[in-house]
Amino acid sequence: MCTKCQCGGQDRQTKVKTRVATAIVLALALAPVAWTLAHAEPAAATAAAQEQAHTHACPMHPNETGVAGDRCPLCNMFLTEVEDDHAGHDHSGHDAAAHTHACPMHPDETGVAGDRCPICNMFLTEAEGEADHAGHDHSGHDMQLDSLPEAPALEAATSGGEATIKYVCPMHPQIVSDVPSTCPICGMNLEKVEMGAASEEVVVGVSGGMQQALGVRTETVERGSLWRYVKTLGTVQYNEDAISHIHTRVTGWVERLAVNSIGQKVEQGQLLYELYSPELVNAQDDYLQALDYIGADARRGKELLRKAQLRLELLGISDSVIRQLERTRQSLYRVPFYAPHSGVVSAMDIRDGMYIQPGNTQIELVDLSTVWVIADVFENEQSWLEVGRPADVTAAAQGLFEIEGQIDYIYPELDPVTRSMQVRVKLDNPGQQLRPGSLVDVELYGGPRRNLLIVPTEALILTGRENRVVVQREETGFASVPVRLGMISQGRAEVLEGLEEGDRIVVSGQFLLDSEASIQGSLRRMSQGNAAPAEGADPHAGHNH
């Protein structure tokens, strides 16, 4: 027995055993946990390392990550950097206020001068309120841009006989380089583009049965003559050379009016109106006195008579009225005025009892025995038009067809609205069936142009940017060929470049063949671009990380 605690020895041994058993149980219970933690640390470290190494992701599939140069296994796009690596940059002491530059496409991405956006790789641009960066160490951001030559024209890229490799900025297509580089505007990497040779031709194979099903019809290119020909619309107008105005040369009052309305037909010598004018009465009296004076002094009397008669003529009195005065020896208080020629009254400003005076147009007469046709001709058809060229006019509404005439005058100015030139054709109108104001069809003819390479206009494929035709290269092979056109007349066109005499061209069903050739050409260019990888490409490109 213990003499200090007065406890039994047996109780003490029991307590020791209990503590040992408890320690063993705890050790056995914690052993799996320790083993799990010991094995989890290397796995977590490996995963963290891999996560840290995968600094690039696909723009279309963010879950697909990798390193620089890798491609997305889903869409085959290059992985782009998702985090900006500032290793080596001395930004100690920088705060948010020091970031004075931002990405134009992603304003949330900020930095300092020379930094790039971690999303699109564009240079950060200066934002408002730029702070003083003196003393900042941005040596890690300094970069030397590759000098790029001026963007060459695409024609130069395709002028050779072989395919040409160019590098183009996706954001600025005008930036074109012969070598891999970056865009001097936005800093993005230039993408490789393969431009096919200009002489490359895509031949579409079409079997005979398919040609029959498509209704393919061909013709042979031949040489021939084209007549210059323009068909346009014209408007019938008065012949302005046949318009006459009737004015009075004295003041007076209309005592009788024989013409009552506009449009009334008037024959030459027909009475128009009778006028009372004191001035005309005095002129008649002077004429009668000159007649009487001839008996007293023949020499002076003849001179006075000549002057009095001339005065009556200048005042507008007709010869028939003067002869009547000489015969009757009595003055007329109502002096008649007659129509100088036949025509139609197109305007009048006279009524019974009206007081009229010189300077006003009382009646306007138009002779419709001849008319003018004013036709509009577009600018591209004006070069060969000349005065005297033949013309045909058709007025189907009046039942008049192919009335022959000729170009009488070409107006010197263009219409500012329609940008067309006006051409005048003079026509005889004996039956006065051509009415001014009516629309007619006008055909203008020029001289022929001979020995031209001619194709039907129905064979042309007019795209707006270029003109194309489909040529039959062999029995079942067709190719779409660009052509340069010249004169077009009466359903046929002159070919200046692109075809040779004897070529067979498609005049029906060519649109389907041209579409198929365009599709095959696009697929061929795509396949050529994917077949040749870019020089210096990462060997890990396309690996699934």
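Scroll up to find the structure this text is about.
It should be emphasised that the depicted structure is a prediction, and the values quoted were computed from it without experimental measurement.

Asks: How would you summarise the overall build of the protein if you had to cite specific residues and measurements?
Replies: When you go through the protein residue by residue, the secondary structure sums to seven helices and 30 strands. Sorting the 545 residues of the protein into buried and exposed places 33% on the buried side. Taking the intrachain contacts of the protein between residues at least 6 apart in sequence as the baseline, contacts between residues at least 24 apart amount to 66%.

Asks: Could you give me a rundown of the nonpolar core, with the residues and numbers involved?
Replies: In terms of nonpolar packing, the biggest core is built from 32 residues, with Leu272, Tyr273, Leu280, Tyr287 and Ile363 touching the most fellow members. Elements with a contribution of two residues or more to this core: strand S14 (252–257), strand S16 (271–276), helix H4 (278–293), helix H5 (298–314), helix H6 (319–328), strand S17 (335–338), strand S18 (343–348) and strand S20 (361–366). With six residues, the top contributor of residues to this core is H4. When neighbours within four sequence positions are excluded, Ile363 is seen to be in contact with Ser244, His245, Ile246, Leu272, Val345, Ala347, Met348 and Ile350. Counting 22 residues, the second-largest nonpolar core is a separate cluster that includes Val371, Ala375, Ala395 and Val423.

Asks: Can you tell me about the sheet that holds S14, naming the residues and giving the values?
Replies: Backbone-to-backbone hydrogen bonds join strands into a sheet, with any given pair of strands oriented parallel or antiparallel. What the four strands build is an open sheet, ordered S17-S16-S14-S19; its pairing is antiparallel. Each edge of the open sheet is held by one strand with a lone partner, namely S17 and strand S19 (355–356). Where S16 lies against S17, four bridges are found, and the strand directions are antiparallel. The residue bridging Leu271 from the neighbouring strand is Tyr338, located in S17.

Asks: Provide a residue-level description of H6, including the pertinent values.
Replies: Taken as a whole, H6 has its buried residues at Val321, Ile322 and Leu325. Buried residues of H6, seen end-on, are gathered within an arc of 100° and therefore sit on one face of the element. Those residues of H6 that are exposed and angled more than 90 degrees off the buried face are Arg323 and Arg327. As for H6, its buried residues are in contact with H4, H5 and S17. Looking one or two residues past H6, Arg329 carries a phi angle of roughly 55°, positive in sign.

Asks: Got a sec to walk through the side chain of Ser331? Specific residues and values, please.
Replies: Mapped onto the fold, Ser331 is located in the loop between H6 and S17. A polar side-chain atom of Ser331 sits 2.5 Å from a polar atom in the side chain of Asp285. Contact partners of Ser331, with chain neighbours within four places excluded, come to Val281, Gln284, Asp285, Leu288 and Leu325.

Asks: Please set out the packing of aromatic side chains residue by residue, giving values where relevant.
Replies: Overall, the coordinates contain five aromatic pairs when judged by the stated rule. Note on Trp253 and Tyr355: the rings are 5.0 Å apart at their centroids and 55° apart in plane angle, and the pair reads as tilted. Taken together, the residues span a long stretch of sequence, with Trp253 in strand S14 and Tyr355 in strand S19 at a distance of 102 residues. A relative accessible area of 39% means that Trp253 is categorised as partly exposed. Given a relative accessible area of 42%, Tyr355 falls into the partly exposed group. Three or more aromatic residues joined by ring pairs form one cluster here, namely Trp253, Tyr276 and Tyr355. Its guanidinium or amino end placed over the ring of Phe123, Arg116 lies 4.4 Å from that ring's centre, counting from NZ or CZ. Above the plane of the ring of Trp372 lies Arg424, whose end atom (NZ or CZ) is 3.9 Å from the centre.

Asks: Describe the state of the cysteines, with residues and values.
Replies: Evaluated as defined, the whole model comprises zero disulfides. This cysteine, Cys58, is not joined by any disulfide, and Cys72 carries the nearest cysteine sulfur, 3.6 Å off. According to the relative accessible area criterion, Cys58 is buried, its value standing at 3%. The thiol of Cys117 is not disulfide-bonded; the next cysteine sulfur, from Cys103, is found 3.5 Å away.

About the thresholds
- Residues numbered from 1 in each chain as written.
- Predicted model: local features only at pLDDT ≥ 70, side-chain atom pairs only at ≥ 80, totals over all residues.
- Heavy atoms only, no water.
- Helix = DSSP H or I, 4+ residues; strand = E, 2+ residues; numbered from the N terminus.
- Buried < 20%, exposed > 50% of the residue type's maximum accessible area, 1.4 Å probe, protein only.
- Contact = heavy atoms within 4.5 Å.
- Core = buried A, V, L, I, M, F, W, Y, C linked by side-chain atoms within 4.5 Å.
- Pairing = 2+ DSSP bridges.
- Arc of directions from axis to C-beta.
- Polar contact = N/O pair within 3.5 Å; in protein donor to acceptor, adjacent residues only side chain to side chain.
- Phe/Tyr/Trp six-rings, centres within 6.5 Å; stacked < 30°, edge-to-face > 60°.
- Lys NZ or Arg CZ within 6 Å of the ring centre and 35° of its normal.
- Disulfide = S-S within 2.5 Å.

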